[in-house]
Amino acid sequence: MRDDEPTRAVRLLDAQAKAERLFAEIEMRGLVAAGEGERAVSDRVRDLANELFGTTRHWHKRIVRSGPNTLKPYKENPPDRVIGADDIVFADFGPIFEEYEADFGRTFVLGDDPVKHRLRNDLPTIFAAGKRFFESEPEITGKRLYAEVERLAAEAGWELGGWHAGHLVGEFPHEKIDGADVESYITTDNDTPLRRTDKAGRRCHWILEIHLIDRGRGFGGFYEELLTL
């Protein structure tokens with residue numbers, strides 16, 4: 001039997017809380033470290049998730065990217081890279097907890113580069129401003145929210161690194177999302193309201209993802225979590 005809406009909300013928030021705990025453990029255990037390969041770090045995070053929560057599936061590919069690889073959007077698959085001593089690194093994981101998806105991304109900075117630290121610090125600020133904007137407009141569309149996130153990024157001196165700034169999330173597998181279905185994304189071509197129901201009559205829940213890049217300096221950063229709860 002399908003969960004009611006309050007139960008869905010609780011379970012999505014619980015999935016996110018587990019992902020947040022996972023990322024706190026990543027930082028506490030120092031898994032993102034100079035001299036480690038991106039794939040090796042990704043595998044260690046996978047193993048950590050299994051240790052903390054039991055065998056964990058992931059609904060999208062696991063991403064750990066460092067240095068120039070942080071410029072690449074999700075769909076690309078840059079070659080594995082060894083993390084440097086002065087690198088910026090981001091991790092993007094989509095674990096499934098009790099059939100509910102989380103999608104969580106954070107950025108780590110190694111070394112003292114002030115621009116990299118500023119980028120990392122701007123990510124949650126822009127996320128929070130984007131969420132406030134979403135909450136202020138009951139009929140907001142994907143196009144409208146993307147434009148605001150793009151404006152916020154430019155105001156802070158960054159570019160957006162991808163063609164969208166978020167997507168649907170829910171029970172696994174959630175309503176199919178792909179590049180041809182723009183209504184599933186926060187993007188310039190989505191003129192539909194984000195506050196709506198899906199094809200099964202359930203409330204749509206969204207992930208907001210902020211991918212900021214500095215093309216000239218050759219790096220970027222990433223931050224994502226639930227937008228609608």
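See the structure shown above.
Residue indices follow the written sequence of each chain, beginning from 1 at its first position. Note on the predicted model: pLDDT of at least 70 is required for a residue's local features to be given, and 80 or more for side-chain atom pairs to be given and counted; whole-chain, interface and lining totals, by contrast, use all residues. Note that the side-chain values use all heavy atoms of the structure and ignore hydrogens as well as water.

*Asks:* Lay out the overall build of the protein chain in plain terms, naming residues and giving numbers.
*Replies:* Where helices and strands are cited, they refer to DSSP runs of H or I of at least four residues and of E of at least two residues respectively, numbered from the N terminus. Regarding its fold elements, the protein chain presents 4 helices and 11 strands. Its C-alpha atoms give the protein chain a radius of gyration of 17 Å, within 12% of the compact-globule value 17 Å for 229 residues. Across its three principal directions, the C-alpha atoms of the protein chain cover 50 × 40 × 30 Å. Long-range pairs, those at least 24 residues apart, make up 63% of the contacts in the protein chain with a sequence separation of at least 6. Based on C-alpha atoms, the radius of gyration is set beside the globule rule, defined as 2.2 Å times the residue count to the power 0.38. Residues are treated as being in contact if the distance between any of their heavy atoms lies within 4.5 Å.

*Asks:* Hey, could you go over the packing of helix α1 (residues 5-28) against helix α2 (residues 38-53) for me, with residue numbers and the actual values?
*Replies:* Two numbers describe a pair of packed helices, the interaxial angle and the distance between the axes. At a minimum axis distance of 10 Å, the contact between α1 and α2 shows a crossing angle of 120 degrees. Between α1 and α2, the interaxial angle falls into the category oblique. The element α1 and its partner α2 pack so that their crossing is right-handed. Taken together, the residues of α2 that come into contact with α1 (itself represented by K18, R21, L22, E25 and I26) are V45, L48, A49, L52 and F53. In the scheme used here, Gly and all other residues not listed as nonpolar or charged are polar, with Ala, Val, Leu, Ile, Met, Phe, Trp, Tyr, Cys and Pro taken as nonpolar and Asp, Glu, Lys and Arg as charged. For the contact of α1 with α2, a count of residues per class yields 7 nonpolar, no polar and 3 charged. Angles here are taken between N-to-C directions and fall from 0 to 180 degrees, while the axes themselves are lines fitted to C-alpha atoms, restricted in helices to the stretch in contact. Orientation labels follow simple angle bins: below 35 degrees gives roughly parallel, above 145 gives roughly antiparallel, 65 to 115 gives roughly perpendicular, and whatever is left gives oblique. The handedness criterion is simple: a crossing whose near helix is rotated anticlockwise from the far helix by less than a right angle is left-handed, and one whose near helix is rotated clockwise is right-handed.

*Asks:* Before we move on, could you go through α1 and cite the residues and values that matter?
*Replies:* Residue count minus one, scaled by 1.5 Å, sets the expected span of a helix. Here α1 is 24 residues long and its end C-alpha atoms lie 35 Å apart, about the 34 Å a rise of 1.5 Å per residue gives. Three exposure classes are used, based on accessible area relative to the maximum for each residue type with a 1.4 Å probe and protein chains only: buried under 20%, partly exposed in between, and exposed over 50%. Among all positions in α1, only R8, A9, L12, A15, Q16, K18, A19, L22, F23, E25 and I26 are buried. Positive phi shows up at G30, right after α1, with a value of about 65 degrees.

*Asks:* Tell me what's going on with the packing of aromatic side chains, and back it up with residues and numbers.
*Replies:* Each aromatic pair joins two rings of Phe, Tyr and Trp (for Trp, the six-membered one) with centres within 6.5 Å, and gets the label stacked for planes under 30 degrees apart, edge-to-face for over 60, and tilted for any other angle. Scanning all chains against the criterion turns up 6 aromatic pairs. With a centroid separation of 5.1 Å and 65 degrees between ring planes, the pair formed by F23 and F104 is classed as edge-to-face. Of the two residues, F23 is situated in helix α1 and F104 in strand β6 (residues 104-109); the sequence distance between them amounts to 81 residues. Counting every residue linked through ring pairs, the aromatic cluster contains F23, F93 and F104. For a Lys NZ or an Arg CZ to count as sitting over a ring, it must be within 6 Å of the ring centre and within 35 degrees of the ring normal. The positively charged end of R106 is found above the aromatic ring belonging to Y223, 3.8 Å away from the centroid. The ring of F219 has K116 sitting right over it, with the charged end atom 5.4 Å from the ring centre.

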